[in-house]
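Now for the letters of each chain:
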Amino acid sequence: MSDQDSAPAPAAKKLFIKTYGCQMNVYDSQRMAEAMGAEGYVLTENQSDADMVLLNTCHIREKAAEKLYSDLGRLKPLKAERPDLKIGVAGCVAQAEGGEIQRRMPIVDLVVGPQAYHRLPAMVRAGRGVDTEFPAEDKFEHLPKPAATRRAPAAFLTVQEGCDKFCAFCVVPYTRGAEVSRPVARILAEARDLVGRGVREITLLGQNVNGWHGEGPEGAEWGFGRLIRAIAEIDGLDRIRYTTSHPNDMADDLIAAHRDEPKLMPYLHLPVQSGSDRILKAMNRRHTVAQYLRLIERIREARPDIMLTSDFIVGFPGETDRDHQDTLDLVRAVNFGTAFSFKYSPRPGTPAYERPEVEGAVADARLQELQALLSSQQKAAQQGMVGRELGVLFEKPGRNPGQMVGKSDYLHAVFVEAPQAKVGDLVRVRITHSAPNSLAGVLAA
Ligand code: SAH
Ligand code: SF4
Ligand code: F3S
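Residues numbered from 1 in each chain as written. Chains lettered and ligands numbered in written order. Predicted model: local features only at pLDDT ≥ 70, side-chain atom pairs only at ≥ 80, totals over all residues. Heavy atoms only, no water.

In the nomenclature of an unreviewed UniProt entry, the protein corresponds to tRNA-2-methylthio-N(6)-dimethylallyladenosine synthase from the organism Paracoccus thiocyanatus. Annotation of the protein in UniProt includes, under Catalytic activity (unreviewed entry), the sentence "N(6)-dimethylallyladenosine(37) in tRNA + (sulfur carrier)-SH + AH2 + 2 S-adenosyl-L-methionine = 2-methylsulfanyl-N(6)-dimethylallyladenosine(37) in tRNA + (sulfur carrier)-H + 5'-deoxyadenosine + L-methionine + A + S-adenosyl-L-homocysteine + 2 H(+)". Under the UniProt heading Sequence similarities (unreviewed entry), the note attached to the protein is "Belongs to the methylthiotransferase family. MiaB subfamily." (UniProt positions renumbered as here; feature names shortened; annotations may be inferred.)

I'd like a description of the pattern of salt bridges, backed by residues and values.
Applying the stated criterion to the full structure yields 41 salt bridges. One salt bridge connects Asp 260 with Arg 259, and the closest N-O pair in it is separated by 2.8 Å. When its relative accessible area of 39% is taken as the criterion, Asp 260 is described as partly exposed. (Salt bridge = Lys/Arg side-chain N within 4 Å of Asp/Glu carboxyl O. Buried < 20%, exposed > 50% of the residue type's maximum accessible area, 1.4 Å probe, protein only.)

Would you mind going over unusual backbone geometry in detail, with residue names and values included?
A cis amide bond links Thr 243 with the next residue in sequence, Thr 244, at an omega value of 5°. Relative to the assigned elements, Thr 244 resides in the loop between strand 13 (239-243) and helix 11 (252-260). The phi torsion at Gln 273 lies on the positive side, around 75°, for a residue other than glycine. Position of Gln 273 relative to the elements: it lies in the loop between strand 14 (267-269) and helix 12 (277-282). Under the relative-accessibility criterion, Gln 273 is labelled buried at 7%. (Helix = DSSP H or I, 4+ residues; strand = E, 2+ residues; numbered from the N terminus.)

Summarise the UniProt feature "binding site: [4Fe-4S] cluster 2" (unreviewed entry) in the protein; cite the residues concerned and give the values.
Following the UniProt record, one finds the feature "binding site: [4Fe-4S] cluster 2" (unreviewed entry) at Cys 163, Cys 167 and Cys 170. Among the secondary structure elements, Cys 167 is positioned in the loop between strand 8 (160-161) and helix 8 (172-175). Residue class for Cys 167 comes out buried when judged on its relative accessible area of 7%. Those residues in contact with Cys 167 that lie beyond four places of it in its chain are Met 283, Asn 284 and Arg 285. Mapped onto the elements of the fold, Cys 170 is located in the loop between strand 8 and helix 8. Apart from the residues within four sequence positions on either side, Cys 170 is in contact with Ile 60 and Thr 350. (Contact = heavy atoms within 4.5 Å.)

Could you give an account of the UniProt feature "domain: Radical SAM core" (unreviewed entry) in the protein, with specific residues and numbers?
The UniProt record marks residues 149-380 with the feature "domain: Radical SAM core" (unreviewed entry), using the residue numbering of this structure. With 39% helix and 18% strand, the stretch residues 149-380 has end C-alpha atoms that lie 40 Å from each other.

Could you give an account of the sheet that holds strand 10 (residues 201-205), with specific residues and numbers?
An order of 7-10-13 is seen for the three strands of this open sheet, with the pairing classed as parallel. Both edges of this open sheet fall to strand 7 (154-158) and strand 13, since each of them pairs with a single strand only. Across the sheet, the mean angle from the axis of one strand to that of its neighbour is 25°, orientation sign disregarded. Of the strand pairs in this sheet, strand 7 and strand 10 are connected by five bridges, and their pairing is parallel. Its bridge partner lying in strand 10, Ala 154 is registered against Glu 201. Across the sheet, helix 2 (residues 23-37) is in contact with strand 7, strand 10 and strand 13; its angle to strand 7 comes to roughly 95°. (Pairing = 2+ DSSP bridges. Axes fitted to C-alpha atoms, helices over the stretch in contact; angles between N-to-C directions.)

Before we move on, can you summarise the packing of helix 14 (residues 321-334) against helix 15 (residues 360-383) with the specific residues and values?
Contact geometry of helix 14 with helix 15 gives a least axis separation of 10 Å together with a crossing angle of 5°. By the angle between their axes, helix 14 is roughly parallel relative to helix 15. Judged by residue contacts, Asp 321, His 324, Gln 325, Thr 327, Leu 328, Val 331 and Arg 332 of helix 14 engage Arg 366, Glu 369, Leu 370, Leu 373, Leu 374 and Gln 377 from helix 15. Among the residues forming the contact of helix 14 with helix 15, the class breakdown is five nonpolar, four polar and four charged. (Parallel < 35°, antiparallel > 145°, perpendicular 65-115°, else oblique. Nonpolar A, V, L, I, M, F, W, Y, C, P; charged D, E, K, R; others polar.)

Outline the site of ligand 2, listing residues and values.
Neighbouring ligand 2 are Cys 163, Lys 165, Phe 166, Cys 167, Phe 169, Cys 170, Val 172, Pro 173, Gln 207, Asn 208, His 246 and Arg 285. Taken together, the residues of the shell around ligand 2 break down into seven nonpolar, three polar and two charged. (Near = heavy atom within 4 Å.)

Please provide a residue-by-residue account of helix 11, values included.
Those residues of helix 11 not exposed but buried are Leu 254, Ile 255, Ala 256, Ala 257 and His 258. Where helix 11 is buried, its residues meet helix 10 (224-232), strand 13, strand 14 and helix 13 (289-302).

Account for the nonpolar core, naming residues and giving values.
General note: in soluble globular proteins, nonpolar side chains tend to be found buried as a group. Counting 54 residues, the largest nonpolar core has Leu 204, Phe 224 and Tyr 242 as the members making the most contacts within it. Of all hydrophobic cores here, the second largest spans 23 residues; its members include Val 53, Leu 72, Leu 75 and Ile 101. (Core = buried A, V, L, I, M, F, W, Y, C linked by side-chain atoms within 4.5 Å.)

Can you tell me about the domain arrangement of the protein, naming the residues and giving the values?
If you check the domain split of the protein, you get domain 1 (11-131), domain 2 (139-383) and domain 3 (389-443). Spacing between the C-alpha centres of domain 2 and domain 3 amounts to 26 Å. The partner domain 3 presents 21 residues to the 15 residues of domain 2 that form the contact. Together domain 2 and domain 3 conceal approximately 1400 Å² of surface at their shared face, both sides included; 56% is due to carbon and sulfur atoms. By the criterion of area lost to domain 3, the three top residues of domain 2 are Pro 153, Arg 239 and Gln 382, representing 44% of everything that side buries. Put simply, domain 2 and domain 3 have one salt bridge between them. (Domains from an automatic or database assignment. Buried area = accessible area lost by both parts, 1.4 Å probe.)

Below is the structure:
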């Protein structure tokens with residue numbers, strides 16, 4: 001045995017990552033953790049014993065962006081105590097504010113934008129830096145291949161980055177850059193790798209995921225429906241989901257996939273933002289209420305048991321009471337399984353930023369009214385699951401002995417007594433009970 005072999009391995013350095021914002025950031029954090037793993041970092045759940053803290057940020061609303069600065073403020077004493085602690089800011093605030101973050105908060109060592117994080121390991125070695133370029137090289141391909149470690153049964157896979165839609169309120173086209181679709185071969189390779197590591201459900205991600213159009217194996221361009229069919233052929237993969245979609249990119253082939261492909265879950269998040277044609281136009285959404293409703297009809301014809309969810313913005317500049325009533329009417333007409341609704345937040349650099357705002361109290365009242373309606377629909381949809389038999393993919397043990405928790409076909413958390421079961425099992429469950437944020441059921445005979 002050489003001296004080198006007998007030397008004790010250096011203690012692994014510890015990395016703490018906090019993720020804000022959308023699922024794409026969750027995916028990115030996972031990939032950054034894997035990239036840093038190749039540098040000898042292991043993840044820790046405990047910020048106070050970390051050698052490096054990485055904040056993966058979101059810029060979508062003012063409140064989201066402010067969280068970064070309050071979290072950095074809380075990190076100050078830790079950095080004063082341990083000056084060698086590295087602090088990194090990644091994600092969409094990093095992109096939007098760049099070097100400004102370091103000027104405001106000198107405790108920050110590294111700032112890395114969402115398209116440059118394959119360069120993070122090199123930046124960490126260099127010690128300090130800012131990288132918010134949109135490099136020509138593809139970040140996905142320049143990240144080290146992940147170690148063949150076991151993964152949780154449900155995973156995200158980003159297939160498309162960026163956005164070219166330029167909705168008048170939205171920062172994403174600026175923080176994530178232009179729309180880029182990853183090629184089929186790389187997506188399939190990543191999906192197979194995930195399945196080989198224990199994954200049974202994949203959620204395909206993109207800011208306009210249904211607008212994905214990538215290069216197929218023979219160079220021909222594929223649409224998103226075809227990609228889903230190809231992924232569905234992977235043995236061992238049981239469920240496919242995708243998010244987020246734009247109404248204008250729901251191609252016929254994708255709607256047909258909802259009819260034909262049993263692995264594609266009967267769940268679709270299709271943000272509409274407003275139920276007023278005037279406001280949709282001002283938002284640059286490029287479709288009308290009638291077009292959205294017709295689209296919903298066609299999707300429901302293809303897959304009658306599909307659950308629809310959406311996003312709404314209230315108090316967009318120029319929104320009147322009439323426009324707001326139109327939004328409530330749309331919600332009543334569609335009947336959503338659940339939905340997110342937000343008060344409009346003016347974002348610097350977006351076209352709507354300078355427009356006169358709706359009075360705060362008025363917007364608050366509208367938000368409350370919309371949320372009350374949406375939550376009554378959510379409750380009814382959940383109640384409607386009682387008595388049905390659904391697939392449930394177990395993700396973790398529950399609080400009580402012998403209990404497992406998983407997600408239904410419709411993404412509801414379901415608690416089941418299943419002492420023989422293990423994480424990763426996909427079982428049939430008869431739903432017996434609906435609680436405010438979850439369902440309970442028994443294994444179907
Ligand atoms: N790409 C997705 C959504 C991205 S952001 C899509 O096109 O639907 C997620 C949600 O945040 C949006 O659907 C919208 O409802 C909300 N949002 C985006 N910008 C916002 C802003 N400036 N103020 C309030 N909500 C906003
Ligand atoms: Fe933002 Fe609109 Fe693009 Fe969605 S489609 S990310 S809301 S600009
Ligand atoms: Fe936020 Fe960026 Fe996602 S702004 S919503 S983290 S793309």
